[in-house]
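In case you want the letters, here they are:
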Amino acid sequence: MAKKFIYLNRKAPYGTVYALESLEVVLIAAAFEQEVTLAFLDDGVYQIAKGQNPKALGMKNFSATYNALGDYGITQFYVERESLAERGLSEDDLMPIVYEDEDDDYAEKPSVRVVSRAEMAQIMAEQDVTFSF
């Protein structure tokens, strides 16, 4: 029986291991056919921001990995609207992450949904397991 897992991404993508570790754990859960949802709050919204270039930090840009998650059945990405606004970002600043819907003749559909803080709280309440990174 699959459980609903939500992964809260709260840290910036570079400078710590949290974002990359979250991706690894997400893939493990998907491999065991669990229902996986990603949430981006606080500085975590930077993880799916366009135009990342961490070369000056001596790190590899792993943001393209988010586009591959649909191949593992991970298609639910929620971004907190207030976290974006508090950082001077909007939905237009996010990467266009899509997946191919097998049930709809493989049509490309957006994975990212921007939601309010109240909606995010409701989404989190509906999960069986919560991980925070």
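The rules we used
- Residues numbered from 1 in each chain as written.
- Predicted model: local features only at pLDDT ≥ 70, side-chain atom pairs only at ≥ 80, totals over all residues.
- Heavy atoms only, no water.
- Helix = DSSP H or I, 4+ residues; strand = E, 2+ residues; numbered from the N terminus.
- Rg over C-alpha atoms; globule rule 2.2 N^0.38 Å.
- Salt bridge = Lys/Arg side-chain N within 4 Å of Asp/Glu carboxyl O.
- Buried < 20%, exposed > 50% of the residue type's maximum accessible area, 1.4 Å probe, protein only.

Trainee: Tell me what's going on with the overall build of the protein chain, and back it up with residues and numbers.
Mentor: Looking only at helices and strands, the protein chain features four helices and seven strands. Walking the protein chain from its N terminus toward its C terminus, one meets helices and strands in the order β-α-β-α-β-α-β-β-β-α-β. Taking 2.2 N^0.38 as the reference for a compact globule, 133 residues should give roughly 14 Å; the C-alpha atoms of the protein chain span a radius of gyration of 14 Å, in line with that estimate. Seen along its three principal axes, the alpha-carbon backbone of the protein chain occupies a region of about 45 × 30 × 25 Å.

Trainee: Tell me what's going on with the pattern of salt bridges, and back it up with residues and numbers.
Mentor: Counted according to the given criterion, the structure contains seven salt bridges. Where Arg-87 meets Glu-86, a salt bridge forms, and the shortest distance between an N and an O atom there is 3.5 Å. For Arg-87, a relative accessible area of 22% gives the class partly exposed. One salt bridge connects Lys-109 with Asp-104, and the closest N-O pair in it is separated by 3.2 Å. For Asp-104, a relative accessible area of 36% translates into the label partly exposed. Linked through salt bridges whose partners overlap, the residues forming this network are Asp-43, Glu-80, Glu-86, Arg-87 and Arg-117.

Worth remembering: the numbers are spatial, not functional.
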